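Topology and contacts: notes
As a plain string of letters, each chain reads:
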Amino acid sequence: MAKNGDGRRRSRDNSISLLGVQRAPRDGGVEALTVQTDRGDIHGCYHPAGPDGTPGGAVVLWVGGAGGGTEGPAGGIYRTLAAQLAGEGIGSVRLDYRYPNVLLECLADVLVTLAWLEDAEGVRRAALVGHSFGGAVVIDAGALSPIVKTVVALSSQTYGADLVGDVSPRTLLLVHGAADQVLPASCSRRLYEAAAEPRELVIYPGAGHGLDECAAELHNLLYTHLREHLAPQGR
């Protein structure tokens with residue numbers, strides 16, 4: 001049976017209102033997620049964590065590039081890591097945009113979903129991960145949300161990442177492939193220079209925009225980084 005969330009809540013940017021949430025079970029402990037807003041529905045996949053199906057107070061919110069999607073780069077690393085982290089007491093939302101490649105709309109999608117996670121699901125620690133266009137989305141959203149503890153931008157564009165200097169005191173992890181032919185690694189270098197501490201820049205030699213060539217290394221990096229910032233208390 002689907003789980004419903006009611007109430008009218010406005011996201012942190014005061015531009016989109018949450019009307020309700022629909023959660024419907026799927027295979028493998030994943031739920032189909034629909035975040036209903038006054039500007040249309042946002043769809044995604046929810047990976048609850050913990051024995052009672054709750055996020056355990058910590059969630060990773062994953063977003064894609066200009067084309068949207070919920071799988072992520074490097075061979076679907078979002079799906080793989082979300083399943084792994086759920087076993088560590090860390091939930092995940094793999095979010096698809098209402099209007100891919102429209103920065104302010106995508107930013108609103110992330111902020112209203114974070115507001116729901118905080119208010120209805122009891123999330124107190126969140127991480128944001130975005131690829132390409134999504135890097136700018138999570139950088140700006142991370143600077144605006146009080147529950148975000150770390151922001152991870154993969155192969156990020158610089159356009160739209162206007163709040164990169166305000167991500168601090170949250171940590172910022174920037175990852176890029178040195179052989180990226182879509183957005184050169186200089187994009188992440190410029191973001192790193194504009195950011196304040198704590199910040200980290202990882203450049204993978206020979207890796208392209210989709211980071212397929214460094215998939216194993218990226219998996220290990222993100223798994224370690226996200227557990228460090230979001231692991232349930234006492235672990």
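Residues numbered from 1 in each chain as written. Predicted model: local features only at pLDDT ≥ 70, side-chain atom pairs only at ≥ 80, totals over all residues. Heavy atoms only, no water.

Some details on the pattern of salt bridges
Selection criterion: By definition here, a salt bridge exists when the distance from a side-chain nitrogen of Lys or Arg to a carboxyl oxygen of Asp or Glu is within 4 Å. A helix here means a DSSP run of H or I that spans at least four residues, while a strand means a run of E at least two residues long, and both kinds are numbered starting from the N terminus. Working definition: with a 1.4 Å probe on protein chains only, accessible area under 20% of the residue-type maximum means buried, over 50% means exposed, and in between means partly exposed.
Overall, the coordinates contain nine salt bridges when judged by the stated rule. Between Arg 98 and Asp 109 there is a salt bridge; the shortest N-O distance is 2.5 Å. Of this pair, Arg 98 sits in the loop between strand E6 (91–96) and helix H2 (103–121) while Asp 109 sits in helix H2, placing them 11 residues apart in sequence. For Asp 109, a relative accessible area of 0% gives the class buried. Linked through salt bridges whose partners overlap, the residues forming this network are Arg 39, Arg 98, Glu 105 and Asp 109.

Focus: helix H3 (residues 133–144)
Rules: Helix span is expected to be 1.5 Å times the residue number reduced by one.
For H3, with 12 residues, the first-to-last C-alpha span of 18 Å sits near the 16 Å given by 1.5 Å per residue. Along H3, the positions that sit buried rather than exposed are Phe 133, Gly 134, Gly 135, Ala 136, Val 137, Val 138, Ile 139, Asp 140, Ala 141, Gly 142 and Ala 143.

Topic: the pairing of strand E10 (residues 199–204)
Heads up, the condition is: Here the rule is simple: two strands pair whenever DSSP picks up at least two bridges between them.
Of the pairings in the sheet, the one linking strand E9 (residues 171–177) to E10 comprises six bridges and is parallel in character. Within E10, the position partnered with Leu 172 by the bridge is Arg 199.

Quick word on the nonpolar core
So the rule is basically this: Put simply, a nonpolar core is a bunch of buried Ala, Val, Leu, Ile, Met, Phe, Trp, Tyr and Cys residues held in one set by side-chain atoms that sit within 4.5 Å of each other.
Of all hydrophobic cores here, the largest spans 44 residues; its most connected members are Leu 61, Val 110 and Ile 139. Ranked by residue count, the leading element in this core is H2, at 10 residues.

A few points about the packing of helix H1 (residues 73–86) against helix H5 (residues 215–230)
To keep things clear, this is the line we draw: Geometry is summarised by axes, namely lines fitted to C-alpha atoms with helices restricted to the contacting stretch, and by angles between N-to-C directions that run from 0 to 180 degrees. If you view the pair so one helix is near and one far, a crossing is left-handed when the near helix is turned anticlockwise from the far one by less than a right angle, and right-handed when it is turned clockwise. For this analysis, residues touch if any pair of their heavy atoms sits within 4.5 Å. All residues other than Ala, Val, Leu, Ile, Met, Phe, Trp, Tyr, Cys, Pro, Asp, Glu, Lys and Arg, Gly among them, are scored as polar; the first ten of these are nonpolar and the last four charged.
Look at H1 against H5: their axes get within 10 Å of each other, and the N-to-C directions meet at 35 degrees. Of the two elements, H1 crosses H5, and the hand of that crossing is right-handed. Contact with H1, carried on its side by Ala 74, Ile 77, Thr 80, Leu 81, Gln 84 and Leu 85, involves Ala 215, Leu 218, His 219, Leu 222, Tyr 223, Leu 226 and Arg 227 of H5 and no other residues of that element. Here the contact of H1 with H5 is composed, by residue class, of nine nonpolar, three polar and one charged.

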